[in-house]
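# Coordinate analysis (summary)
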Amino acid sequence: MSQSMSQLGEQIKEIIESEPVSVFMKGTPQLVMCGNSDRALRALRAVGAPVTAVDVLPDPQIRHELSALSGWPTIPQVFIKGELIGGADIVDELYASGELQAKLDEALGTERESTERTVVLA
Amino acid sequence: MVVAATLERFLRNSFPDASALAVEDRTGGGDHFQVTVASGRFDGLTLVEQHRLVYEALAEPLADGSIHELRIKTRGIA
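Residues numbered from 1 in each chain as written. Chains lettered and ligands numbered in written order. Predicted model: local features only at pLDDT ≥ 70, side-chain atom pairs only at ≥ 80, totals over all residues.

### Considerations on the pairing of strand S3 (residues 77–80) of chain A
Residue and element names in this part refer to chain A. Alternating residues of S3 divide into Gln77 and Phe79 and Val78 and Ile80, and every residue in both groups is buried. Alignment of strand S1 (residues 21–25) against S3, held across four bridges, turns out to be antiparallel. Within the sheet, the bridge partner assigned to valine 21 lies in S3 and is isoleucine 80. In this structure, S3 lies alongside strand S4 (residues 83–86), joined through three bridges in antiparallel fashion. Bridged to isoleucine 80 within S4 is glutamate 83. Counting the residues that bridge the hairpin from S3 to S4 gives two residues, and of these lysine 81 lies at a positive phi of roughly 45°. (Buried ≥ 20, exposed ≤ 12 C-beta atoms within 10 Å, placed from the backbone. Helix = DSSP H or I, 4+ residues; strand = E, 2+ residues; numbered from the N terminus. Pairing = 2+ DSSP bridges.)

Shown next, in the form of structure tokens:
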């Protein structure tokens, strides 16, 4: 039995708002299924971000609900403390300019642990 | 299949002041594009806001999902 749209939307919202860094991606950090999700993940790893990943591929509704919430049409989507940072291009650009590091330092402090975990929405 | 010239036309409409505007079909297959726009409309906006304007400008060609990847590079001109 699939969940109603609003329940899924609530789950997504909860992740975005409560996780320090959330990444909605195609695949998982262990098995990335898209070059752009890979680019975003690499940049986050390079700055030692604690990554909470959500795979959007198991259910098209995840992507639908996510984009309705964020107003962002593409995947991946990276959030730091509830704020949409952008997709792969922006995250890459902010990484190259040093701003990604600065944003994370400001939001999470410099003593952060670079953990990775995957949340499965079902 | 989408052609680069179509995307360029939509972008020109939305960013008539663009000092740089380019659309590259990265694979030649009409589904992976790199767009580059420099416009005064981006001045003072965050990158998220800038990219949102590009998505808005290209909403019509993006609507049917035939474009699989859109890489975006934007900058203001101030």
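### Focus on the pairing of strand S2 (residues 32–38) of chain B
Every other side chain in a regular strand lies on the same face of the sheet, so the side chains alternate between the two faces. All names here are of chain B. Here S2 shows a buried face lined by Phe33, Val35 and Val37 and an unburied face lined by His32, Gln34, Thr36 and Ala38. Bridge count between strand S1 (residues 20–25) and S2: six bridges; the pairing is antiparallel. Across the sheet, residue glutamate 24 finds its bridge partner in S2, namely glutamine 34.

### Details of the packing of helix H4 (residues 88–97) of chain A against helix H5 (residues 99–108) of chain A
All names here are of chain A. The geometry of H4 relative to H5 is characterised by a closest axis approach of 5 Å and an angle of 90° between their N-to-C directions. Between H4 and H5, the angle is such that the two are roughly perpendicular. Side by side, H4 and H5 meet where Val91, Leu94, Tyr95 and Ser97 of the first sit next to Glu99, Leu100 and Lys103 of the second. Looking at the contact of H4 with H5 residue by residue, the classes come out as four nonpolar, one polar and two charged. (Axes fitted to C-alpha atoms, helices over the stretch in contact; angles between N-to-C directions. Parallel < 35°, antiparallel > 145°, perpendicular 65-115°, else oblique. Contact = placed C-beta atoms within 7 Å. Nonpolar A, V, L, I, M, F, W, Y, C, P; charged D, E, K, R; others polar.)

### Let's talk about unusual backbone geometry
Residues and elements named next belong to chain A. The amide bond that connects isoleucine 75 to the next residue, proline 76, takes the cis arrangement and shows omega of 10°. The residue proline 76 is located in the loop between helix H3 (60–70) and S3 in this model. Residues other than glycine seldom take positive phi values, yet lysine 81 does so here, at roughly 45°. Among the structural elements, lysine 81 can be located in the loop between S3 and S4.

### Notes on H4(A)
Along H4(A), the positions that sit buried rather than exposed are A:Ala88, A:Asp89, A:Ile90, A:Val91 and A:Leu94. The inward-facing, buried residues of H4(A) contact helix H2 (35–46), S3, S4 and H5 of chain A together with helix H2 (47–57) and strand S3 (69–75) of chain B. Just downstream of H4(A) lies A:Gly98, where phi reads positive at about 85°.

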